[in-house]
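Structural characterization, general
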Amino acid sequence: MRDLEKAAGVSRETIRFYIREGLLPEPERTHRNSATYTEEHLARLLTIRRLKDERFLPLSVIRALFSGQQAGWLEPQMLPEIDHLLRDRLDAEGERVDAAQFVVDNGGEPDHLADTIAAGLIAPATDGTISPRDQRILRLLIDGGHIGFTRERGYGGEGYGRLADIMHSLAEIEVREFFARVAPHVGELEAADMAERGIGLLNQLMAELFTREVLALLSERRRTANDNRSEAASNGQDQQA
């Protein structure tokens, strides 16, 4: 345990917590008060630290990523054409346009383009053009800047990267779950139908859940502030008495 603490840079309490939560495998116990940890434990701990500290993922998401590693979703015989089927259905038709000119035409700043590319939110082709979907993403981010979500206030740059990481992690979890739970039981066309409709439902569900959580947090903030004021007033009365 002492060696693992030092190598991973985490406390033994954290290691034991991760074991209880299923994020780390149980060590081999040679005696009642002795346990052997392997390179697998160290590699897993370093991965957890990276996902938490660099990608800001909660433990629930990290656990889901670990549990889905053996889902078999990369097996070539499992729904081999579903990517083409979904792309034909979900990629809207439209012209590719020059990314830099698009930013200018929509009143954006050069930083908008640089930040979104660096974060992986859009992916221009080698000729500098972007797809209709990337145009919509870029326009939404530019609109955000117009209403006050500017780079000077901390929106963009690292914030864009965090958003891209969250979306990638969610997509990875859902794709792995789909291949593990649905793909073995349906044909390719049915799978494409389910995935197409499921993506639309999930997009709507995320919007509703996000709105609910924001409002809940703001309500909790108000309750906490009121409780603090009440406590302060009560303490002041006690001191006067």
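What counts, and at which threshold
Residues numbered from 1 in each chain as written. Predicted model: local features only at pLDDT ≥ 70, side-chain atom pairs only at ≥ 80, totals over all residues. Heavy atoms only, no water. Helix = DSSP H or I, 4+ residues; strand = E, 2+ residues; numbered from the N terminus. Rg over C-alpha atoms; globule rule 2.2 N^0.38 Å. Buried < 20%, exposed > 50% of the residue type's maximum accessible area, 1.4 Å probe, protein only. Contact = heavy atoms within 4.5 Å. Areas by Shrake-Rupley, 256 points an atom, 1.4 Å probe, with all protein chains shown as cover. Salt bridge = Lys/Arg side-chain N within 4 Å of Asp/Glu carboxyl O.

The subject of this paragraph is the overall build of the protein. Secondary structure summary: the protein contains 10 helices and 4 strands in total. What you see in the protein, going N to C, is helices and strands ordered as α-α-β-β-α-α-α-β-α-α-β-α-α-α. Scaling as 2.2 N^0.38, a compact globule of 241 residues should have a C-alpha radius of gyration of about 18 Å, whereas the protein reaches 24 Å, well beyond that. Dimensions of the protein, computed from the C-alpha atoms along their principal axes, are close to 70 × 60 × 35 Å. With 241 residues in all, the protein has 27% of them scored as buried. Long-range pairs, those at least 24 residues apart, make up 66% of the contacts in the protein between residues at least 6 apart in sequence. For the protein, the exposed surface amounts to about 16,600 Å²; the carbon and sulfur share of it is 52%.

Let us look at the pattern of salt bridges. Under the counting rule described, the total for this entry stands at 13 salt bridges. A salt bridge links Arg89 to Asp193; the nearest nitrogen and oxygen atoms lie 2.5 Å apart. Residue Arg89 is found in helix α5 (residues 82-90), and its partner Asp193 is found in helix α10 (residues 188-240); the two are separated by 104 residues along the sequence. The exposure class assigned to Arg89 is partly exposed, which follows from its relative accessible area of 30%. Across the pair Arg162 and Glu158 runs a salt bridge whose closest N-O atoms are separated by 3.7 Å. Of this pair, Arg162 and Glu158 both sit in helix α9 (residues 158-181), 4 residues apart, which is roughly one turn of the helix. Relative accessible area serves as the criterion here: at 31%, Arg162 is assigned to the partly exposed category. Note on Glu158: relative accessible area 57%, which makes it exposed. Salt bridges sharing common partners tie together Arg87, Asp91 and Arg133.

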